[in-house]
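# Architecture at a glance
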Amino acid sequence: MNASLVLPGKRCILTAILLLASHHPLRAQSPAAPPPPMPLRAAEIPPFQEATLPNGVRVVLVESHRQPTVVFRLVLPAGAVHDPADKAGTSALVATLLTKGAGTRSAEQFAAAIENAGGSLQAVSDDDNLSIFGSVLSDAAPLAFSLLGDAVSRPTFAPTELTLAQTQTLSGLQLNSAAPAFLAAKTFRAGLYGAHPYGVTPTATTVRAITLADVQRFHAAHVRPRGALLIVAGDVTMAQLKAWTGAAFAGWTGGTAAQRLLPPPASPRKAPQIILVHRPGSVQSNVLIGNLAVGPADSVRLAAELALQVLGGGSDGRLFKLLREQKGWTYGAYASMTRPRGIGRFEASAEVRTAVTDSAVREMLAQLSRIGSEPFPAKELEDTRGGMLGSFPRALETPGGLAGMVAFVKLSGLPANYLQTYRPRLSRVTAKEAAAAARRVVRPAEALIVVVGDAAALYDKLAAIAPVTLQSINGDTLQPADLTSKRTGGAPDTE
């Protein structure tokens, strides 16, 4: 600072500040090492209140009056596993139509009612469940539950809305048919699960085959109160909730839905196998590697989650560091397990340039073998564990996050105190237990490897790794002779 710009009356103050700074440099104020972690505390989760409504709906309430909001999720065991064999997509269409007109309201009136109350209400279907979920300010909660009751028990199923929903679904399928990530996931699921419904993806043919009678029949058979689970979190008491749902669900009756007898998934492979989906001219490849794994309630699940976080849980994972930071082959590489009610799966994924696809597959397989065969370095394991311990409470901060976690616990048959004890249990997982869990979950010796890319440039290189089955993007079987324009290298990376 130019001393001529300092007012005379301020000069002594400035001098004192400069002298103080000279005796206490900034570097002396920074600790040489991070402070030790605070003692681990259990996650602060309000106690659950549980009840069963007269019509059989199980209710779980997490009461919290910190914010004037109510979040709810009604889960029914009416997912895609119950789709008729030749009409995949039925559950998804039913979910879409539940909020497209119900009770005395048309689709437009139904949407306006919840939106004018400042809330949201929608429905989706996954492999196992059909879920209707939403949120609303607490003073509008009676209206929201009234709309929920109409959706599940009195849907209109207007023919025009069915036609519109089918058209939108077909448009989505057409867009996805050219998306490498969708093609890889579809092929991977079909290869892992075989005839099991987890391996089935709707097609244009199955969606077009679904009639209004099919939708109505599916709703009557599977959207029933017995077996349904209602999770509510937020500014509401159990007495209020019972009063609102009692009025909303009046007339919604029916016994437990019949469960479909499911075929077993495909048998585990005796050696790695590659399915190469030919996408001519593609300048990059989508790679998925994995195998069938454990369900959400398996005893090794928590230790496996820790091991997989080390392997590919994010930017600190081994796959990410190797394939992106060291090799520069991809923007990201990850590993995870799914959480279906039945048989789960492990998968590792990356998108890489065509020219390095075979090298990336070899490196990924090597990392999958290493995760269960080599001891975990102590620092790597503890750093990963610390990240998981720190992020867990954030997942429970909002009523929506809390409701989702409670639903997972209840639907998976986990202990009632699962969330409360998650962090203490995770802190006790040893390196030996993590390695043992990894060996059980990650099995590269029986891996299915799916690659979506330019097979003309990839076939010979991948065939040197494992036996290759060729497919078109439509799922048709191809032969190497069908690859008429073989190339020796990858094209410039423009995607």
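Structure: see above.
My aim in this report is to walk through the structure given alongside it, one point at a time.

### Quick word on the sheet that holds strand β8 (residues 284–292)
- A sheet is described by the order of its strands in space; here seven strands give the open sequence β9-β10-β8-β11-β7-β12-β13, paired in mixed fashion. The open sheet has two edge strands with one neighbour each: β9 (333–337) and β13 (477–478).
- Note that β8 and strand β11 (residues 448–453) share five bridges and pair antiparallel. Directly across from Val287, in β11, lies its bridge partner Val451.
- Contacts between helix α7 (residues 180–193) and the sheet are confined to β7 (273–278), β8, β10 (345–353), β11 and β12 (468–472), with β8 contributing the most and set at about 25 degrees to the helix.

### Here's the deal with the nonpolar core
- Grouped together as the largest cluster of nonpolar side chains are 79 residues, with contacts concentrated most on Leu276, Ile289, Phe346, Leu419 and Val441.
- Examining the composition of this core, we find that eight residues originate from one element, helix α11 (residues 301–312), more than from any other.
- Formed by 50 residues, the second largest nonpolar core is a distinct cluster that contains Leu76, Val136, Val152 and Val236.

### Digging into the packing of aromatic side chains
- This structure, assessed with the given rule, holds eight aromatic pairs.
- Taking NZ or CZ as reference, Arg73 lies 4.9 Å from the ring centre of Phe133, over its face.

### With respect to the packing of helix α14 (residues 378–395) against helix α16 (residues 418–427)
- The N-to-C vectors of α14 and α16 enclose an angle of 170 degrees; their axes lie 10 Å apart at closest approach. By the angle between their axes, α14 is roughly antiparallel relative to α16. Contacts between α14 and α16 involve Arg385, Met388, Leu389, Phe392 and Pro393 from the first element and Leu419, Tyr422, Arg423, Leu426 and Ser427 from the second.
- Here the contact of α14 with α16 is composed, by residue class, of seven nonpolar, one polar and two charged.

### Description of the pairing of strand β3 (residues 69–76)
- Judged by how many residues are buried, β3 sits mostly within the fold: six of eight residues are covered.
- Where β3 and strand β5 (residues 130–137) come together, eight bridges link them in antiparallel fashion. Paired with Phe72 across the strands is Gly134, a residue of β5.
- Bridging between β3 and strand β6 (residues 229–234) involves six bridges; their strand directions are antiparallel. From the neighbouring strand, Val71 faces β6, where its bridge partner is Ala233.

### Description of helix α17 (residues 431–441)
- Three or more residues of α17 are buried, namely Ala434, Ala435, Ala437, Ala438 and Val441. One side of α17 holds all its buried residues, which, seen down the axis, span an arc of 165 degrees.
- Where α17 is buried, its residues contact β8, α11, β9, β10 and α13 (357–373).

### What about the pattern of salt bridges?
- A full pass over the atoms with the stated rule returns 15 salt bridges.
- Linking Glu382 and Arg385 is a salt bridge whose minimum nitrogen-to-oxygen distance equals 2.9 Å. Pair noted here: Glu382 and Arg385 are both in helix α14, with a separation of three residues, about one helical turn.
- Bridged by salt links that share partners, the residues Lys87, Asp214 and Arg217 form one connected network.

### What about the side chain of Lys87?
- Locating Lys87 in the fold gives a position in the loop between β3 and α3 (90–98).
- Beyond its immediate sequence surroundings of up to four residues, Lys87 is in contact with Thr206, Ala209, Ile210 and Asp214.

### Observations regarding the side chain of Asp214
- Looking at the element boundaries, Asp214 is found in helix α9 (residues 212–222).
- A polar contact of 2.6 Å, which involves the side chain of Asp214, links it to the side chain of Lys87.
- Beyond its immediate chain neighbours, meaning those up to four positions away, Asp214 contacts Lys87, Thr90 and Ala209.

### Describing the sheet that holds β6
- An order of β1-β2-β6-β3-β5-β4 is seen for the six strands of this open sheet, with the pairing classed as mixed. One side of each edge strand has no neighbouring strand; the edge strands of this open sheet are β1 (48–52) and β4 (120–125). Direction aside, neighbouring strands of the sheet carry axes that sit 15 degrees apart on average.

### Looking at the packing of helix α5 (residues 141–153) against helix α10 (residues 238–248)
- Relative to each other, α5 and α10 sit at 35 degrees, their axes nearing to 8 Å. Seen along the crossing, α5 lies across α10 with a hand that is right-handed. For the pair formed by α5 and α10, the contact residues are Ala141, Pro142, Phe145, Ser146 and Gly149 on the first element and Leu241, Trp244, Thr245 and Ala248 on the second.
- Here the residues of the contact of α5 with α10 sort into six nonpolar, three polar and no charged.

### Overview of the environment of Gly328
- Looking at the element boundaries, Gly328 is found in the loop between α12 (318–326) and β9.
- For Gly328, a relative accessible area of 42% corresponds to the partly exposed category.
- Distance from Gly328 to Val352, taken between C-alpha atoms, is 9.2 Å for residues 24 residues apart in sequence.

### Brief notes about unusual backbone geometry
- One non-glycine residue with positive phi stands out, namely Phe157, at about 50 degrees.
- When you line up the elements, Phe157 lands in the loop between α5 and α6 (159–176).

Parameters at a glance
Here the residue numbers are simple positions, counted from 1 along each chain's written sequence. Local features in a predicted model are, by the rule used here, given only for residues with pLDDT of at least 70; side-chain atom pairs are given and counted only at 80 or more, and totals for whole chains, interfaces and linings are based on all residues. Think of the side-chain values as coming from all heavy atoms in the structure, minus any hydrogens and water. Whether two strands pair depends on DSSP finding at least two bridges between them. Numbering goes from the N terminus for both helices and strands, where a helix is a DSSP run of H or I of at least four residues and a strand is a run of E of at least two. Should any heavy atoms of two residues lie within 4.5 Å, those residues are considered in contact. Axis geometry follows a simple rule: fit a line to the C-alpha atoms, using only the stretch in contact for helices, then measure angles between N-to-C directions, giving values from 0 to 180 degrees. Here, nonpolar core refers to any group of buried Ala, Val, Leu, Ile, Met, Phe, Trp, Tyr and Cys residues whose side-chain atoms link them within 4.5 Å. Whether a residue is buried, partly exposed or exposed follows from its accessible area with a 1.4 Å probe, protein chains only, as a fraction of its type maximum: under 20%, in between, or over 50%, in that order. Pairing of aromatic side chains requires ring centres within 6.5 Å, counting the rings of Phe and Tyr and the six-membered ring of Trp. Pairs whose planes differ by under 30 degrees are stacked, by over 60 edge-to-face, and all others tilted. In this scheme, the term charge over a ring applies when either NZ of a lysine or CZ of an arginine sits within 6 Å of the ring centre and within 35 degrees of the ring normal. Any angle that is under 35 degrees is reported as roughly parallel, and any over 145 degrees as roughly antiparallel; angles of 65 to 115 degrees are reported as roughly perpendicular and all others as oblique. Residue classes follow a fixed rule: Ala, Val, Leu, Ile, Met, Phe, Trp, Tyr, Cys and Pro count as nonpolar, while Asp, Glu, Lys and Arg count as charged, and any other residue, Gly among them, counts as polar. What the arc measures is the spread of directions leading from the helix axis to the C-beta atoms. The term salt bridge refers to a side-chain nitrogen of Lys or Arg lying within 4 Å of a carboxyl oxygen of Asp or Glu. Between N or O atoms, a polar contact is any pair within 3.5 Å; within protein, one atom must be a potential hydrogen donor and the other a potential acceptor, and residues adjacent in sequence are included only when both atoms are from side chains. Crossing handedness is defined as follows: a turn of the near helix away from the far one that is anticlockwise and smaller than a right angle gives a left-handed crossing, while the clockwise case is right-handed.

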